[in-house]
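Below, each chain spelled out in residue letters.
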Amino acid sequence: MEVAPAFSTTQSDITFQKVDAREIDRSAYLGPDYNGDDLMQLISDYYNIEALVAYLAQHTEYKSVTLQFPDDLIKDSSLIIRSLQSRFADETVKFWVLADTAYSACCVDEVAAEHVHADLVVHFGDACLNAIQSLPVVYSFGTPYVDIPLVVENFRRAFPDLSSKICLMANAPFSKHLSQLYSVLTRDLHYTNIIYSQINTSFVEKSLVTILDTFDTPENVTQVGEFGNNSILLGPGGTTDGVLPEEYHLFHLTTPQDPRLLYLSTVFQSIHIFDPAASDLVTGPFPSLMKRYKYMHVARTAGCIGILVNTLSLRNTRETINELIKLIRAREKKHYLFVVGKPNVAKLANFEDIDIWCILGCNQSGIIIDQFNEFYKPIITPYELNLALSEEVTWTGKWIVDFKDAIDEIEQNMGGDDTSATTSHSDEPEFDVVTGKYTSTSRPLRALTHLELEAAENEDDRSKQLTTRHTASGAIIKGTVSTSAAALQNRSWKGLGSDFDSVEVDETGADIEEGISGVARGYGFDRTDAINKEQK
């Protein structure tokens, strides 16, 4: 008789060994001359702690303050909170660290802050500056180190023509260096058609948002255009009126997140990315827009659509969800709503009956761009879903990620729609251009008035069934088609215990025996063995 293997081991001093702490490397953003001798002063200068202390001293109404860090800066959280606590030791101000944000790190995590009834959120690092709901926010982007001569050298190698139209851009922390880079390129190297992007502080709600960082503007430079909802374009004053980004090449300092990079590739002629951490210049390959065109056709013939909510902090999130539900129901498709923080392959793989996902996330880093086909089902945006569910498919080549613009597109689609034309040919199969086959499962909610009832043989059988109403397109639960129930019914394996449906089982059950007691680090038999060894 074989003995089952043990899943726990006897604990001893040899099992757990002390790991020596290694010195944290901060040279990537504090500079190559960082040696850790005056760490607190460098950290204070980088995060503009003095300005934050002055702000909190002025606003005494904030008694519960949360500090939000991205993953790459969380190592500085203990130093910063220790410094702040020493400054407000005599006052009743509590500081909390949001060590693991629920959604994208660039967004303000109002949901996590409300768990401790926060009065204020201090957001450190890169930020998308998207509109927030109601919680006051203070942004501290940081001042990272940049080797300007090295950046200029790579820039000259990429653009030897001094008359080329070029736009300089960076993430929020590195945007502080763009004015200096612009001055060097135009004044010293005599480039004539350069503009650069800067944080747009005029759009923020002054009553809720405060930005601690300051941005220098060279002389003879004025606003020449806008880009997105959080940045403006600056260039030589009086020479440009209404800049068209599609006429410019982009030189981006730092590597954007994939959603941001895909959007930029649809706007500018070409993209050159300089990563200060790697000190190299990248020109591609970048996320492909053609894959989005393929996914749009997948959504057109999908029967079950999963609405994947990857943010609850951005404005117009609820409105976008409501408009998507109206659109999906009007096209006689089934939908399920999921709220998932930081979705990954394993989480989404649990829902195999979902044909395609429509994600609602931050346009900077909250949208999943599956470049390596890791996810089992395609992931699209509300704008792409709206194009897919239009009566006539029109591919514009644009990539709209703003919620407000997506809502306008959906409302326009719904306003000119004739639903009677859709239902008049509801029994006809639809051609799937991706697989090259006809499908009849793309509209599981059609013809609900023709549902047929299948009466169970007796009351006992009815109690064991999941539902008592079935159609060709799925099962009916409380008057609504359930594609999930249909998927379970068609599966060969339906969960634990399903193997015994056709087998007679002794209903008397097994004898009850006492199991193992204790916790994993010290079960009862482990302690007994240890005592016996000591006695020997």
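The name an unreviewed UniProt entry assigns to the protein chain is 2-(3-amino-3-carboxypropyl)histidine synthase subunit 2, from the organism Saccharomyces pastorianus. Among the UniProt annotations of the protein chain, the heading Cofactor (unreviewed entry) holds the following wording: "[4Fe-4S] cluster". Its UniProt record gives the protein chain a comment under Sequence similarities (unreviewed entry), which states: "Belongs to the DPH1/DPH2 family. DPH2 subfamily."

Colleague: Is there a simple way to think about the overall build of the protein chain in this case?
Modeller: Summing up its helical and strand segments, the protein chain has 17 helices and 24 strands in all. Put simply, 67% of the contacts in the protein chain that link residues at least 6 apart link residues at least 24 apart. Of the roughly 29,800 Å² that the protein chain leaves accessible, carbon and sulfur atoms contribute 50%.

Colleague: Explanation requested: helix H4 (residues 77-87) in the structure shown.
Modeller: Count 3.6 residues to each turn of an α-helix, and residues three or four apart come out pointing the same way. Considered for burial, the residues of H4 that qualify are Ser77, Leu79, Ile80, Ile81, Ser83 and Leu84. Structurally, H4 contributes buried residues whose contacts are with helix H2 (39-47), helix H3 (49-58), strand S1 (64-68), strand S2 (94-98) and strand S3 (120-124).

Colleague: Explanation requested: the side chain of threonine 381 in the structure shown.
Modeller: Positionally, threonine 381 belongs in the loop between strand S16 (379-380) and helix H12 (382-388). Here threonine 381 is in contact with Arg292, Cys358, Ile359, Ile367, Trp399 and Ile400, once residues within four sequence places are set aside.

Colleague: For this particular structure, what's the right way to read the sheet that holds S1?
Modeller: Note on sheets: strands pair through backbone hydrogen bonds, and any given pair is parallel or antiparallel. Spatially, five strands are ordered S2-S1-S3-S4-S7 in an open sheet, and the strand pairing comes out parallel. This sheet does not close on itself; its edge strands, each paired only once, are S2 and strand S7 (209-211). Along the sheet, successive strands turn relative to each other by an average axial angle of 20 degrees, direction set aside. Both S3 and strand S4 (residues 137-140) contribute to a ladder of four bridges, which runs parallel. Counted as the bridge partner of phenylalanine 124 is serine 140 from S4. Sitting on the sheet, H3 touches S1, S2, S3, S4 and S7, and the angle it makes with S3 is about 170 degrees. H4 contacts S1, S2 and S3 of the sheet and is inclined by roughly 170 degrees relative to S2.

Colleague: For this particular structure, what's the right way to read the environment of methionine 40?
Modeller: Residue placement: methionine 40 occurs in helix H2. The spatial distance from the C-alpha of methionine 40 to the C-alpha of serine 83 is 8.5 Å, given a sequence separation of 43 residues. Beyond its immediate sequence surroundings of up to four residues, methionine 40 is in contact with Leu79 and Ser83.

Colleague: What exactly am I supposed to notice about the packing of aromatic side chains here?
Modeller: The relative placement of two aromatic rings is captured by the distance of their centres and the angle of their planes. All chains considered together, the criterion is met by 18 aromatic pairs. Between tyrosine 29 and tyrosine 46, the ring centres sit 5.1 Å apart and the planes meet at 55 degrees, which makes this aromatic pair tilted. Of this pair, tyrosine 29 sits in helix H1 (residues 27-30) while tyrosine 46 sits in helix H2, placing them 17 residues apart in sequence. The same class applies to tyrosine 29 as to tyrosine 46, namely buried. With a centroid separation of 5.1 Å and an interplanar angle of 80 degrees, the aromatic rings of phenylalanine 155 and tyrosine 191 are classed as edge-to-face. Placement of the pair is phenylalanine 155 in helix H6 (residues 148-158) and tyrosine 191 in the loop between helix H7 (178-188) and strand S6 (194-199), with a sequence separation of 36 residues. By relative accessible area, which is 5% here, tyrosine 191 ends up buried. Taken together, the ring pairs in this structure connect Tyr29, Tyr46, Tyr47, Phe69 and Phe124 into an aromatic cluster. If you follow lysine 334 out to its NZ or CZ, it ends over the ring of tyrosine 336, 5.3 Å from the centre.

Colleague: Where do I start with the sheet that holds strand S13 (residues 304-309) in this structure?
Modeller: Spatially, four strands are ordered S14-S13-S15-S16 in an open sheet, and the strand pairing comes out parallel. With one partner strand each, in any of the chains shown, strand S14 (334-339) and S16 form the two edges of the open sheet. Two strands pair when backbone bridges link them, and S13 and strand S15 (residues 356-360) are joined in this way by five bridges, in the parallel orientation. Counted as the bridge partner of leucine 308 is isoleucine 359 from S15. Where helix H10 (residues 317-330) meets the sheet, it contacts S13, S14 and S15, and its direction lies at approximately 180 degrees from that of S13.

Colleague: How should I be thinking about the packing of H3 against H4 in this particular structure?
Modeller: Geometrically, a packed helix pair is captured by the angle between its two axes and the distance between the axes. With their axes 11 Å apart at the nearest point, H3 and H4 run at an angle of 40 degrees to one another. Between H3 and H4, the angle falls in the class oblique. Seen from above, H3 lies across H4 with right-handed handedness. Together, Ile49, Glu50, Leu52 and Val53 of H3 and Ile80, Ser83, Leu84 and Arg87 of H4 make up the contact between the two elements. Split into classes, the residues belonging to the contact of H3 with H4 amount to five nonpolar, one polar and two charged.

Colleague: Would you mind going over the pattern of salt bridges with me for this structure?
Modeller: Oppositely charged side chains can form a pair if their charged atoms are brought close together. All told, the structure shown has ten salt bridges when counted by the stated rule. For arginine 157, the salt bridge identified is with glutamate 153, shortest N-O distance 3.5 Å. Taken together, the residues arginine 157 and glutamate 153, both in helix H6 and four residues apart, mark about one turn of the helix. The class for arginine 157 is exposed, based on a relative accessible area of 53%. Of the charged contacts, one joins arginine 292 and glutamate 384 as a salt bridge, the two residues approaching to 2.9 Å between their closest N and O atoms. Pair noted here: arginine 292 is in helix H9 (residues 290-300) and glutamate 384 is in helix H12, with a separation of 92 residues, a long-range link.

Colleague: When you look at H2 in this model, what are you seeing that I'm missing?
Modeller: Listing the buried residues of H2 in full gives Leu39, Ile43, Ser44, Tyr46 and Tyr47. Relative to the axis of H2, the buried residues are bounded by an arc of 165 degrees and lie together on one face. On its buried face, H2 sits against H1, H3, H4, S3 and S4.

Parameters and conventions
- Residues numbered from 1 in each chain as written.
- Predicted model: local features only at pLDDT ≥ 70, side-chain atom pairs only at ≥ 80, totals over all residues.
- Heavy atoms only, no water.
- UniProt positions renumbered as here; feature names shortened; annotations may be inferred.
- Helix = DSSP H or I, 4+ residues; strand = E, 2+ residues; numbered from the N terminus.
- Contact = heavy atoms within 4.5 Å.
- Areas by Shrake-Rupley, 256 points an atom, 1.4 Å probe, with all protein chains shown as cover.
- Buried < 20%, exposed > 50% of the residue type's maximum accessible area, 1.4 Å probe, protein only.
- Pairing = 2+ DSSP bridges.
- Axes fitted to C-alpha atoms, helices over the stretch in contact; angles between N-to-C directions.
- Phe/Tyr/Trp six-rings, centres within 6.5 Å; stacked < 30°, edge-to-face > 60°.
- Lys NZ or Arg CZ within 6 Å of the ring centre and 35° of its normal.
- Parallel < 35°, antiparallel > 145°, perpendicular 65-115°, else oblique.
- Left-handed = near helix turned anticlockwise from the far one by under 90°.
- Nonpolar A, V, L, I, M, F, W, Y, C, P; charged D, E, K, R; others polar.
- Salt bridge = Lys/Arg side-chain N within 4 Å of Asp/Glu carboxyl O.
- Arc of directions from axis to C-beta.

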